[in-house]
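A closer look at the structure
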Amino acid sequence: MERVKNQSDKNINKEKTPISIIRVTVGASIGVCVLVLLWLFVYYTGIFDVSPSGFEVNMRGSGMEIVSYTGEEKNLKIPKTINGHKVVYIGEKAFYKNDTVEKLVLPSTVKEVGKQAFADTKSLKEIEFSSKYTQFGEGAFENSSVVKAKLPTRLQKISDCMFKNCKSVTNVSFPDDLKSIGDEAFSGCSSLKSMTIGDEVLKIGKDAFANEQTGFTLNSIIGSETENYARDNGIEYVPCNSYYEAYTKYSLHYGKNSLNTQQVSEGRRGILSFFPSATGYYRITLEGKGVSFFVTDAIKDNQVCPSIKGDESDFIGYYQQGKEYFFPVRSDGFVNYEVNVAKTDKDIASMYKKGENLLKGKGKCSLDSGSSLYKNHSTNSENVAQVNSDIMLTKVLDYYIEDSKHIWYQINANVGGAGKQDLWFRSK
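Residues numbered from 1 in each chain as written. Predicted model: local features only at pLDDT ≥ 70, side-chain atom pairs only at ≥ 80, totals over all residues. Heavy atoms only, no water.

Things to note about the overall build of the chain
Check the secondary structure of the chain and you find 4 helices and 33 strands. A burial count over the chain gives 43% of its 428 residues as buried. Considering only contacts within the chain whose residues lie at least 6 apart along the sequence, 46% involve residues at least 24 apart. Of the roughly 23,300 Å² of accessible surface on the chain, 47% is carried by carbon and sulfur atoms. (Helix = DSSP H or I, 4+ residues; strand = E, 2+ residues; numbered from the N terminus. Buried < 20%, exposed > 50% of the residue type's maximum accessible area, 1.4 Å probe, protein only. Contact = heavy atoms within 4.5 Å. Areas by Shrake-Rupley, 256 points an atom, 1.4 Å probe, with all protein chains shown as cover.)

Thoughts on the nonpolar core
In terms of nonpolar packing, the biggest core is built from 58 residues, with Ile90, Phe118, Phe141, Phe186 and Phe209 touching the most fellow members. For this core, the elements supplying multiple residues, two or more each, are strand E1 (55–60), strand E2 (63–69), strand E5 (85–90), strand E6 (103–106), strand E8 (126–129) and helix H2 (225–232). Broken down by element, the residue count for this core peaks at 3 residues, all from E2. For Ile90, the residues in contact, after removing those within four places along its chain, are Ile66, Ile78, Phe95, Leu106, Val110, Glu112, Val113, Gly114, Ala117 and Phe118. Formed by 23 residues, the second largest nonpolar core is a distinct cluster that contains Ile348, Leu358, Leu373 and Ala413. (Core = buried A, V, L, I, M, F, W, Y, C linked by side-chain atoms within 4.5 Å.)

What about the sheet that holds strand E15 (residues 203–204)?
Pairing is parallel in the open sheet, where 3 strands are placed in the order E11-E13-E15. Strands with a single pairing partner mark the edges of an open sheet, and in this sheet they are strand E11 (157–158) and E15. Bridging between E11 and strand E13 (residues 180–181) involves 2 bridges; their strand directions are parallel. Bridge assignment links Lys157 to a residue of E13, and that residue is Ser180. (Pairing = 2+ DSSP bridges.)

Things to note about the pattern of salt bridges
Considering all chains together, one arrives at 7 salt bridges under this definition. Residues Asp177 and Arg154 are paired through a salt bridge, measuring 2.4 Å at the closest nitrogen-oxygen approach. Taken together, the residues Asp177 in the loop between strand E12 (171–173) and E13 and Arg154 in the loop between strand E10 (148–150) and E11 connect sequence positions 23 residues apart. Note that Arg426 and Glu402 form a salt bridge whose closest N and O atoms lie 2.7 Å from each other. Highlighted residues: Arg426 in strand E33 (residues 420–427) and Glu402 in the loop between strand E31 (398–401) and strand E32 (407–414), separated in sequence by 24 residues. Accessibility expressed as a relative area gives 33% for Arg426, which makes it partly exposed. One salt-bridge network, in which partners are shared between bridges, spans Arg60, Glu65 and Glu112. (Salt bridge = Lys/Arg side-chain N within 4 Å of Asp/Glu carboxyl O.)

Nothing here speaks to function; it is geometry throughout.
Okay, structure coming up:
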């Protein structure tokens, strides 16, 4: 009887065993699912802080904002995502008065930096942005110890007071797309020796560069807003070529003398620097084979007269005393050239205008009977023929300004049996 009972118990146990395993398995699965769902909820909502050590963060729209950092990292690289959300904002005063971080690298996801986000950071020496577009609040780095900063490559505006009183900063990369520099942006940056600014910058704010060290220079392409700002604020200006390399400067003197003879390196460009001794019109001529200079491109806000058929070696302009003017020079080889600067008067301007109009067939000039025709534009040239009747010209081949009273014109004239020739006459 007992034997039958034992066998019955075994059968009952066999029936119970599969049910217990199923219950345990299902219960464990449900528990895992609950934990996973809870983790996902925490991770994606950001209700609980599971961010990297030392960061305090907030959700802002669909992006993450760094509110503050209290960690101990000296070389800090901010991650692209925290709690599954992109790090888009560096909040106002997020790193304010931080004395731990020495180098900071920000991810490409950062689009906005708040006011004084890195202000008064006494240890921060270097900061690097991987982003292309980022907006900066006022005083983002004010009073910091930053030495160099690599700004976003497509940055368009440097905010007011952005680097104000950063006494250690020596190097700031200016993006090509930069359009404006705010008020006091670099005021008090006493370690700055020079700043090179692209010609895309159209606005420089009040005292953007103030209280820099003696000898501080602003560098840019001639005619840029940077040049205007430098001149208006008594800052030394250094002209650059299109690659923003500073020109080699050569002083140009009034009057023809040996000091105006220079040498230009092959394929290189130098620049002539001219300080007028008095306000007025000056004629500048260049002598030398294989060398040319670009006066028309160099002068801004001047009454410029066109030179002979666009000849870049003969030029007249109006220059003001106390201003510095630059004339870029380029050579095809190692050659010497000579520049002659001579004073002239206002009447020359009207002569050039008349000559240009006749060259384009838009003017009139009388060739009087008895006028001599010369081989070249000089009375010392060969006298080929004389005009036997009055002629009204509406177009010429060329012209040459001799002085404030005389202008030479070149025409194609039929001279007896010699046929047509290109000859010159002196207009009265």
